[in-house]
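What the coordinates show
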Amino acid sequence: MMIVDARGLLCPEPVVRTQRAVKDGISELTVLVDAEAAKENVTRFAASRGYAVAVQQEGVDYTLSLKKA
Amino acid sequence: MKQRNFWVILTGVIIGIAALALTLLGNPGNMGFCIACFLRDTSGALKLHSAEVVQYMRPEIVGMILGSMIIAMISKEFKPRGGSSPMTRFVIAIVVMVGALVFLGCPLRMMLRVGGGDLNAIVGLVGFIAGIFVGTLWMRGGFTLKRAYAQSMTEGLVLPIIAAVLMAMSVFLPSLFAASESGPGAMHAPILIALGVGLIVGGLCQRSRFCTVAASRDAMMFKDWSMLWGFAAVIVTTIVGNLILGKFNLSFADQPVAHTDGLWNFLGMALVGWGSVLLGGCPLRQVILAGEGNSDAAVTVTGFVVGAAICHNFGLASSPKGPTVNGMIAVAVGFVILTLVGVLNREKA
């Protein structure tokens, strides 16, 4: 599965990278982030593009699992 | 209403009311808040520049940094981070400050000026949006200042501690600092009120991720309109407030701390918009991120302070009479610098 590592990146980069990945119509994608703002922004973006998002916290990092609904 | 929109709009309304109140209590016209102007005044208070009319240790900024820090700590979002091209950010921050002081205000003050009926600020707003658009083209093209990494608690606390110590010193040892006797630097709300309002606004901005650049940027890049609600809320609140207070004055001429040179109002704010997109947020957002322990943002805020000193030491800042030749040259150089920064920081997708 494709993984977008957006940890340590300031907005809008985590969303830009997610956007680039979903452009190919990918059905499943994992995005790694480490900031609340990035988590919220990527989640909101993914939802607007029809992906269901599951969030898992591991220490200071978040793993966002995007799945085309 | 979505929870995010609620927080963003609430922040916008509170910023608008706070700005009106601070102006009534003594801050300069349409300058209840201005990150650029206030850091410029602070830079003057620290004698980094000697423009006698703009020297004052502004409590609002200190309050915002500490308000953001307190709320971030309570919500477990205080995460020291740093190392994302700090020196490049420092340079971009100087360029952004040049643009802001040629226009005479950061994006937040631009909004407050629009809310006061200052039509020059509308010209600035158009330039700001144009600049943001150029910035988004670079972001789409793979621009990145690379990732930040976790840092120690100490690293994250350095700027908040410096801000708090300077604030305390300015109250208890005022003779150490420069303070304007006339001009905008001499106009200010009572210290404790300004500090308290800063704390509240800083905390709210931390919760809502309020950012004047994100408003247009996210709409352009992702069709995400949520932050625009906050942007609109600030302007609507200040228009209504100024109308009620009888301070709404729709005109180009005779606006407080503003000039009427449309071209340089446009270009100054275009520089601010473009540079802020590269930085990942507007000057206000950088102050809030610095409070959350982001030392790249702390370096950026330091860059603003140094940039303000450069602006006044080398005659780059505009005055109500208009922009200076040096300022015009500096804006042109700023566009060259942002282009170079863009070209040299692209990552292949």
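Remember, it's a predicted structure, so these values are computed and weren't measured experimentally.

1. Comments concerning unusual backbone geometry
Cis geometry is adopted by the peptide bond preceding Pro12 of chain A, which originates at Cys11 of chain A and carries an omega value of 5°. Inspection of the secondary structure assignment puts Pro12 of chain A in the loop between strand S1 (2-5) and helix H1 (13-22).

2. Section: helix H4 (residues 86-103) of chain B
Residue and element names in this part refer to chain B. Relative to the 26 Å expected for 18 residues at 1.5 Å per residue, H4 spans 26 Å between its end C-alpha atoms, a close match to the ideal helical length. Burial of H4 is extensive: 13 of the 18 residues sit out of reach of the surface. A positive backbone phi angle near 85° is found at Leu104, which sits one or two residues after H4.

3. Things to note about the interface of chain B and chain A
Note: interface size is frequently given as the accessible area lost on complex formation between the parts. With 20 residues of chain B at the contact, the number on the chain A side is 16 residues. Of all elements in the fold, only strand S2 (149-150) and helix H9 (212-222) of chain B reach the threshold of two or more residues within the side of chain B that touches chain A. Top element by residues in the side of chain B that touches chain A is H9 of chain B. It accounts for five residues. Here the side of chain B that touches chain A is built from residues that sort into eight nonpolar, four polar and eight charged.

4. Brief notes about the packing of helix H12 (residues 283-291) of chain B against helix H13 (residues 295-313) of chain B
Residues and elements named next belong to chain B. Axis separation between H12 and H13 bottoms out at 8 Å; the angle between their running directions is 130°. The angle between H12 and H13 places the two elements in the oblique class. Taken as a pair, H12 and H13 cross one another with a handedness that is left-handed. Together, Pro283, Gln286, Val287, Leu289 and Ala290 of H12 and Ala297, Ala298, Thr300, Val301 and Phe304 of H13 make up the contact between the two elements. By residue class, the composition of the contact of H12 with H13 is eight nonpolar, two polar and no charged.

5. Description of the nonpolar core
Ranked by size, the top nonpolar core spans 130 residues in total, and within it Ile35, Ala36, Ile65, Met97, Val98, Leu101 and Leu284 of chain B carry the most contacts. Sequence-distant contacts of Ile65 of chain B, defined by excluding residues within four places in its chain, comprise Leu159, Pro160, Ala163, Gly202, Val287, Ala290 and Gly291 of chain B.

6. Let's talk about the environment of Ser180 of chain B
Residues and elements named next belong to chain B. Here Ser180 shows up in the loop between helix H7 (153-172) and helix H8 (191-208). With 74 residues separating them in the primary sequence, Ser180 and Asp254 have C-alpha atoms 22 Å apart. Here Ser180 is in contact with Glu52, Val53, Val54, Gln55, Tyr56, Gly185 and Ala186, once residues within four sequence places are set aside.

7. Description of the pairing of strand S3 (residues 51-58) of chain A
Residue and element names in this part refer to chain A. Taken together, the eight bridges between S3 and strand S4 (residues 61-68) define a ladder with antiparallel strand orientation. Bridge pairing in S4 links Tyr51 to Lys68. Two successive antiparallel strands, S3 and S4, enclose a turn made up of two residues, where Gly59 displays a positive phi of approximately 65°.

Thresholds, definitions, all that
- Residues numbered from 1 in each chain as written.
- Chains lettered and ligands numbered in written order.
- Predicted model: local features only at pLDDT ≥ 70, side-chain atom pairs only at ≥ 80, totals over all residues.
- Helix = DSSP H or I, 4+ residues; strand = E, 2+ residues; numbered from the N terminus.
- Expected span 1.5 Å × (residues − 1).
- Buried ≥ 20, exposed ≤ 12 C-beta atoms within 10 Å, placed from the backbone.
- Contact = placed C-beta atoms within 7 Å.
- Nonpolar A, V, L, I, M, F, W, Y, C, P; charged D, E, K, R; others polar.
- Axes fitted to C-alpha atoms, helices over the stretch in contact; angles between N-to-C directions.
- Parallel < 35°, antiparallel > 145°, perpendicular 65-115°, else oblique.
- Left-handed = near helix turned anticlockwise from the far one by under 90°.
- Core = buried A, V, L, I, M, F, W, Y, C linked by C-beta atoms within 7 Å.
- Pairing = 2+ DSSP bridges.

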